[in-house]
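Each chain is listed here by its residues.
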Amino acid sequence: MIVMSSQEGNRNNPYTFDDFLFVRDHFNYYKDDEFLQALIKKNIPQEELQKIDGDLRALSDYVSFRFRDLADKANELENRIKVTKVKHYDAHNHRIDRIERCLETEILEREIFSLGLYDPTRNSPWSRFVKMFLLYENGESGVMCPVACTHGAVELLQKYEDKLQPEAKMILNSLRDGGNGEYKLAAQFVSEIQGGSDVPANLVEAVFEKEEGKDGMSNVWRLYGQKFFCSAIQADYAIVTAKPKNSPSSTKIAVFVVPSWLPGNKEKEIRNSYTIDRLKQKLGTAELPTAEITFNGAVAYPIGPLEKGLSNIVGIVLSLSRLHVAFGMAAGALRVVREAILYSQFRTAFGVPISSFPMMINQINELDQFAKRTAAGAFKIYSEYIHFNEELISGIRDLERIKDIEERKRRFRLRELIMLQKIVVADEAPAMIRKAISFYGGHGIMEDFLSSPRFHRDSMIMELWEGPRNVLLTQIHRDFSRVKDWYPAEEFCRDLLEGANLDIIEKYSLEFNRIMSHDNILRNDEQALAICRDWEVFSTKLLIAYQEQALRELEYTWKPLKFSKLIREFRKRELPKFQERIVIQ
Ligand SMILES: Cc1cc2nc3c(=O)[nH]c(=O)nc-3n(C[C@H](O)[C@H](O)[C@H](O)COP(=O)(O)OP(=O)(O)OC[C@H]3O[C@@H](n4cnc5c(N)ncnc54)[C@H](O)[C@@H]3O)c2cc1C
């Protein structure tokens, strides 16, 4: 009920946000989130969960407080500006191309990379995933972008571990390690100025040079040319695409791992024969330095057969980043939505909490459902990746070599789900975060009031990163024309939605089949235009149906967040600390 205020004026306005801040800032991402606990319990085998639970809880104590504050600090404007400036020369005319980042990002990077996320002796596939999920609740791109890129680099190098040159093998070992503060980061440089979607149109050249270069290296591949979007330029290594000159596959993309500095040169700031030409000024992921660079003979080590570069980079490295984009945003959504709902219960207008207005109730429910189904879908898809021992298949041709047809189909479903999930989550997230921001009224726009504006800016990037929407929608359509003999679209859709409402399965399978049966969505005619329109709309409906089914499978009994309950609980939790302080004094 709306109550008209009958209070008199008060020049000493006592209003304070302190209770809201107290609840928001005492929330432990794992220990206080019953939904996340339910997701973890459902997906991780009990025996394994018992082993890793303590580790996850210990990390959550850091992520929810210390790392959160560091991430917020790194987002301050003066810190964001730092990663748009590069120092090309030192005082003695040496080209150094030095990047300066804020201390908070450097501390975060050190502490996160020291977790040994990719070290199989320190992390299981599930502990790695849940740790990354928790870290993404803070979403600091300056660190989380290299977390995703390093994951992709490790997976690709591991695939060819037995055949790598000794230098590349050493790189793999150092990326996996992370012990004794000796961690290393990887980036990935694919996009060029003429296009990022069209990777086969890359122009950077790789040349095998026998003669010794100025750096003293001989009989090595060297790279020449420009890359135009090089994020995490602070990284120690990059996975780079290039065309190998004078080879039978000179028009095809090959993949290389490229050290940023040759051994012993990092301290001297002598880069591996490339220059950083400029750092970009970005709307989102602003804590992350993204560079334009020119290779001028950088030493590079090939990964896998030269002619398989395109399928390896897309099928493994980019696919893994697409998983990161989606589960990273799912984690971010849990936090953004939780904080917005808590604020709506704290804030009053016209004498009542704003969460009690029917307009708001609908928006709260919509956001809550979005965050939960997105997280449930992300866990379900990632569990498929873990089911296959975290091994992605490069392309359809490799898939078709799998004799067991059920395994082949299941792997194909994972391949398509990774793309579908990336497209839809990246499309929904900016709209949903915007809605969450609206709960705060004008305060929602203030960057130092809350972290959702940063999440909003970053979510805009996710749509373009690692394959824009159109490119992935087209790729899925093309995939179905290639597998129709062994996996008809209708059957795929039924398998995907297994367990869902039968009417929905029936309706969606027919619609999916109709869209996928269209022979070519690249031809510009009325029919193709209509199919493209339908596919854009239907792709979202299909993934949402999958996510909703994942949520149902969780059998989670909805327990609405209660601001009043949390404030009581957190005060009780704080009391012993407070009493301890009094005794010490
Ligand atoms: C903040 C940021 C960081 C980045 N970091 C990196 C990085 O570290 N490494 C890296 O390699 N790249 C990076 N990128 C580049 C990113 O991967 C590319 O921007 C992306 O691949 C798109 O390429 P493009 O920008 O050249 O767009 P284009 O390829 O020119 O595409 C423009 C538009 O055309 C549409 N389009 C293209 N092809 C088709 C098609 N077949 N059908 C329908 N529509 C189509 C696209 O959907 C898009 O809307 C980064 C980008 C951003 C914004």
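Residues numbered from 1 in each chain as written. Predicted model: local features only at pLDDT ≥ 70, side-chain atom pairs only at ≥ 80, totals over all residues. Heavy atoms only, no water.

### Observations concerning the nonpolar core
We count it as follows: Among buried residues, the Ala, Val, Leu, Ile, Met, Phe, Trp, Tyr and Cys ones that are joined through side-chain atoms within 4.5 Å form a nonpolar core. Each residue is assigned to one of three classes by its accessible area relative to the maximum for its type, calculated with a 1.4 Å probe on protein chains only: buried under 20%, partly exposed between the two thresholds, exposed over 50%. The secondary structure listing takes helices from DSSP runs of H or I that are at least 4 residues long and strands from runs of E that are at least 2 residues long, numbered from the N terminus. When checking whether two residues touch, look at their non-hydrogen atoms; a contact exists if any pair is within 4.5 Å.
Membership of the largest hydrophobic core comes to 193 residues, with the highest contact counts inside it found for Phe-133, Leu-223, Phe-256, Phe-295 and Phe-512. A per-element tally of this core places helix H9 (residues 309-346) first, with 20 residues. Beyond its immediate stretch of four places on either side in the chain, Phe-133 contacts Leu-36, Phe-327, Ala-330, Ala-331, Leu-334, Ala-375 and Phe-379.

### Some details on the pairing of strand S7 (residues 254-259)
Test applied: Here, any two strands with at least 2 DSSP bridges between them count as paired.
Burial analysis of S7 places six of its six residues in the buried class, the great majority of the element. Of the two faces of S7, both are covered, the one formed by Ala-254, Phe-256 and Val-258 as well as the one formed by Val-255, Val-257 and Pro-259. Across six bridges, strand S6 (residues 237-244) lies against S7 in antiparallel orientation. Of the residues in S7, the one forming a bridge with Ile-239 is Val-257.

### Here we look at the packing of helix H16 (residues 502-517) against helix H17 (residues 526-554)
This is how it is decided: The convention used is that axes are lines fitted to C-alpha atoms, helices contributing only their stretch in contact, and that angles between N-to-C directions extend from 0 to 180 degrees. Take the far helix as your reference; a near helix turned counterclockwise from it by less than a right angle gives a left-handed crossing, and one turned clockwise gives a right-handed crossing. Under the scheme applied here, ten amino acids are nonpolar (Ala, Val, Leu, Ile, Met, Phe, Trp, Tyr, Cys and Pro), four are charged (Asp, Glu, Lys and Arg), and all others, including Gly, are polar.
H17 packs onto H16 with a crossing angle of 145° between their chain directions and a minimal axis gap of 10 Å. Note on packing geometry: the crossing formed by H16 with H17 is left-handed. Contacts between H16 and H17 involve Tyr-508, Glu-511, Phe-512, Arg-514, Ile-515 and Met-516 on the former and, on the latter, Ile-531, Asp-534, Trp-535, Phe-538, Lys-541, Leu-542 and Ala-545. The residue inventory of the contact of H16 with H17, partitioned by class, reads nine nonpolar, no polar and four charged.

### A word on the pattern of salt bridges
In plain terms, the rule: In what follows, salt bridge is the name for a side-chain nitrogen of Lys or Arg lying within 4 Å of a carboxyl oxygen of Asp or Glu.
Scanning all chains against the criterion turns up 53 salt bridges. Measuring nitrogen to oxygen at the nearest pair gives 2.7 Å for the salt bridge that ties Glu-109 to Arg-101. Each member of the pair Glu-109 and Arg-101 is classed as buried. Between Lys-280 and Glu-292 there is a salt bridge, and its shortest N-O distance comes to 2.8 Å. Note that Lys-280 is positioned in the loop between strand S8 (274-279) and strand S9 (290-302) and Glu-292 in strand S9, a separation of 12 residues in sequence. On the basis of relative accessible area, Lys-280 is assigned to the buried category, the value being 10%. Of the residues examined, Glu-292 reaches a relative accessible area of 10% and is grouped as buried. Where salt bridges share partners, they join Arg-24, Asp-25, Arg-68 and Asp-69 into one cluster.

### Here's the deal with the pairing of S6
Here S6 lies mainly inside the structure; eight of its eight residues are buried. Pairing geometry for strand S3 (residues 186-189) and S6, over four bridges, is parallel. Bridge assignment links Ala-186 to a residue of S6, and that residue is Tyr-237. Here strand S4 (residues 205-209) runs beside S6; their pairing, made up of two bridges, is parallel.

### Topic: the site of the ligand
Inclusion rule: In this text, near means that some heavy atom of the residue lies within 4 Å of the molecule or strand in question. Polar contacts here mean pairs of N or O atoms no more than 3.5 Å apart (in protein, one a potential hydrogen donor and the other a potential acceptor; neighbouring residues in sequence count only if both atoms are side-chain atoms). We get accessible surface area from the Shrake-Rupley algorithm with a probe of 1.4 Å; when it comes to residues, only the shown protein chains can shield them.
In the region of the ligand, 20 residues are neighbours, and Val-190, Ser-191, Gly-196, Ser-197 and Ser-231 sit closest. Between the ligand and Val-190 there is a distance of 2.7 Å, counted from an oxygen atom to a backbone nitrogen or oxygen. In this structure, Phe-229 approaches the ligand through a main-chain N or O atom, which is 2.8 Å from a nitrogen atom. For the ligand, the accessible surface in isolation is 980 Å², of which the surrounding protein chains cover 68%. Looking at the shell around the ligand, the elements with two or more residues in it are S3, strand S5 (220-231) and helix H14 (469-483). When the residues that make up the shell around the ligand are grouped by side-chain class, the tally is nine nonpolar, nine polar and two charged.

### Some thoughts on unusual backbone geometry
Across the chain, the bulk of peptide bonds are trans and the bulk of non-glycine residues have phi less than zero. Its identity is not glycine, yet Glu-269 carries a phi of approximately 60°, on the positive side. Tracing the backbone through its elements, the reader meets Glu-269 in the loop between S7 and S8. Residue Glu-269 is classed as partly exposed on the basis of its relative accessible area, which comes to 21%. Even without being a glycine, Thr-285 presents a positive backbone phi close to 45°.

### Overview of the packing of helix H3 (residues 46-74) against helix H5 (residues 103-113)
The interhelical angle for the contact between H3 and H5, taken along N-to-C directions, is 145°, at an axis separation of 8 Å. Handedness of the crossing formed by H3 with H5: left-handed. Counted together, Arg-66, Phe-67, Leu-70, Ala-71, Lys-73 and Ala-74 of H3 and Glu-104, Thr-105, Ile-107, Leu-108, Glu-111 and Ile-112 of H5 form the full contact between these two elements. Across the contact of H3 with H5, the residue classes tally to seven nonpolar, one polar and four charged.

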